[in-house]
Amino acid sequence: MTPRSVALGVVRRVFDEDAYADRAFRAAAERLDTRDRAFAMQLAYGTVQRVRTLDAAVEALGRRPVRKLDPPVRAALRTGAYQLAYMDGVPVHAAVDETVELVRAAGLERAVAFTNAVMRRLAEGLPGYLAGLHEETPQAAALMHSYPDWVAETWWRELGSEEARALMRAQNEPPETAVRTPEGPRVVDAVPPEWLESGYAWPQSRGSQLAGAAVGARAGERVLDLCAAPGGKATQLAAAGADVVAVEKHPGRARELEHNARRLGAERLTVVNADALALPDDLGTFDRALVDAPCSGLGVLNSRPDLRWRAEPLPDLQLALLRAAVERVRPGGTVTYSVCTLAAAENQQVVDALGLPVDDLGELGREFRHPRRPEFLLTLPHVHGTSGFFVARLRT
């Protein structure tokens, strides 16, 4: 398998089979060396991320709707267009010739001439097409930066046009590499393998670590983590000396959580494989709870390239999870709510719907205060350089 054929396979699996990009890539790239793996990852993830812009260019210059193309041809043109548009180190002739060869290798000899013609049109016309795009409206910016219209419209409405454009640009750039260590967050170029093997470090964005710190867990307290896998925040709470009960609904992810806890030496952490909305009666009560709820993920789109195309808001589930947590926390305790998304419907509106008093989290960092609700925290990729998280802490 060549790097380009691996990338082609990932793109096909994501859009033709609804596979997750990271899982599809992991399976496809097993036998690639380090250099080829890096090239294949950039090509696969970049194509998935930029697919809306690429499809518009292919349709405009290729003069045929992408939905009517054979799946291998469609995927090949997408990856070929990405190389021409966004991979400066790839020679034009290589992008064209290798894309044609991918179609030939798929057994579609009848489509080879068409693919060659479209790629040559793209090589000539793509720079001008991209230069002609603008970002003066949410819909135009969504096309230019390759987002669904509803995401651009949400950010435009809630953050303003300038912030929305900056956020769209930022979430098309590679995320920072951050780890949690006993000394605190560290941003590194690469994580030394021995850090992970020894349990010294855990890959976790600074935004995620801020959410864990907001729980305020103290030694000896009982803390419930309702949506715990893969375990970054749960092990963070255990490292503070709390006795943590980490709930995970899916058996495979619960096993992964147990493995990660052992690797990090989190002896005060107990994994419970259960539905957070139907907790076992014998769990008892807790001093604090963390609800790091499922969400649309609009704050982590640069680390999950396919998420923008499958994201959906989940406010009803988030509110139900918060109510389940409140039932398990003693009077005077706290429930911390965090989501890696940037939309009021899943942020402050969920908290407001619960109707409980909230703590002022500003002491954790004034630079992270929510711009309109300063009692909450909001990390923004284009401002803080980390993943986007909303965090609130409520009193029971």
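What you see is a predicted model, and the numbers here were worked out from it, not measured in a lab.

(A) Structural context of the packing of aromatic side chains. According to the stated counting rule, one finds six aromatic pairs in the structure shown. When the ring of Tyr 82 is compared with that of Tyr 86, the centres are 5.2 Å apart and the planes differ by 40°; the resulting orientation is tilted. Separated by four residues within a single helix, Tyr 82 and Tyr 86 lie in helix H5 (residues 71-86), roughly one turn from each other. Above the ring of Phe 114, the side-chain terminus of Arg 64 is found at 4.3 Å from the ring centroid. The ring of Tyr 20 is capped by Arg 310, whose NZ or CZ atom sits 4.3 Å from the centre of that ring.

(B) The arrangement of the nonpolar core in detail. Residues Trp 155, Leu 226, Val 291 and Tyr 337 are the most contacted members of the largest nonpolar core, which totals 60 residues. Once residues lying within four places of it in the same chain are set aside, the contact partners of Tyr 337 are Val 291, Ala 293, Gln 318, Leu 322, Glu 346, Asn 347, Val 350, Val 351, Phe 390, Val 391, Ala 392 and Leu 394.

(C) The arrangement of the side chain of Glu 346 in detail. Inspection of the secondary structure puts Glu 346 in the loop between strand S8 (329-339) and helix H17 (348-354). Of the buried charged residues, Glu 346 lacks a salt bridge, with Arg 157 as the closest side chain of opposite charge at 10 Å. A polar atom in the side chain of Glu 346 sits 2.8 Å from the side chain of Gln 318. Setting aside anything within four residues of it in sequence, one finds Glu 346 in contact with Cys 295, Ser 296, Glu 312, Pro 313, Leu 314, Pro 315, Gln 318, Tyr 337, Val 339 and Thr 341.

(D) Examining the sheet that holds strand S1 (residues 177-181) more closely. Strand order across the open sheet formed by three strands is S2-S1-S3, with antiparallel pairing between neighbours. Looking along the sheet, the strands with just one partner apiece sit at the ends: strand S2 (184-188) and strand S3 (202-203). Inspection of the sheet shows S1 paired to S3 by two bridges, in the antiparallel sense. Each bridged residue has a counterpart across the sheet, and for Arg 180 the counterpart in S3 is Trp 202. The sheet strands contacting helix H12 (residues 206-214) are S1 and S2, and the helix crosses S2 at an angle near 175°.

(E) Expanded view of unusual backbone geometry. With an omega dihedral of 5°, the bond running from Ala 229 to Pro 230 counts as a cis peptide bond. When you line up the elements, Pro 230 lands in the loop between strand S4 (222-225) and helix H13 (232-239). One non-glycine residue, Asp 18, lies in the positive phi region at around 60°. Despite not being glycine, Arg 63 has its phi angle at roughly 60°, a positive value. Tracing the backbone through its elements, the reader meets Arg 63 in the loop between helix H4 (51-62) and H5. In this structure Arg 63 comes out as exposed when scored by relative accessible area, which is 63%.

Basis of the calculations
- Residues numbered from 1 in each chain as written.
- Predicted model: local features only at pLDDT ≥ 70, side-chain atom pairs only at ≥ 80, totals over all residues.
- Heavy atoms only, no water.
- Phe/Tyr/Trp six-rings, centres within 6.5 Å; stacked < 30°, edge-to-face > 60°.
- Helix = DSSP H or I, 4+ residues; strand = E, 2+ residues; numbered from the N terminus.
- Lys NZ or Arg CZ within 6 Å of the ring centre and 35° of its normal.
- Core = buried A, V, L, I, M, F, W, Y, C linked by side-chain atoms within 4.5 Å.
- Buried < 20%, exposed > 50% of the residue type's maximum accessible area, 1.4 Å probe, protein only.
- Contact = heavy atoms within 4.5 Å.
- Lys, Arg positive; Asp, Glu negative; His and termini not counted.
- Salt bridge = Lys/Arg side-chain N within 4 Å of Asp/Glu carboxyl O.
- Polar contact = N/O pair within 3.5 Å; in protein donor to acceptor, adjacent residues only side chain to side chain.
- Pairing = 2+ DSSP bridges.
- Axes fitted to C-alpha atoms, helices over the stretch in contact; angles between N-to-C directions.

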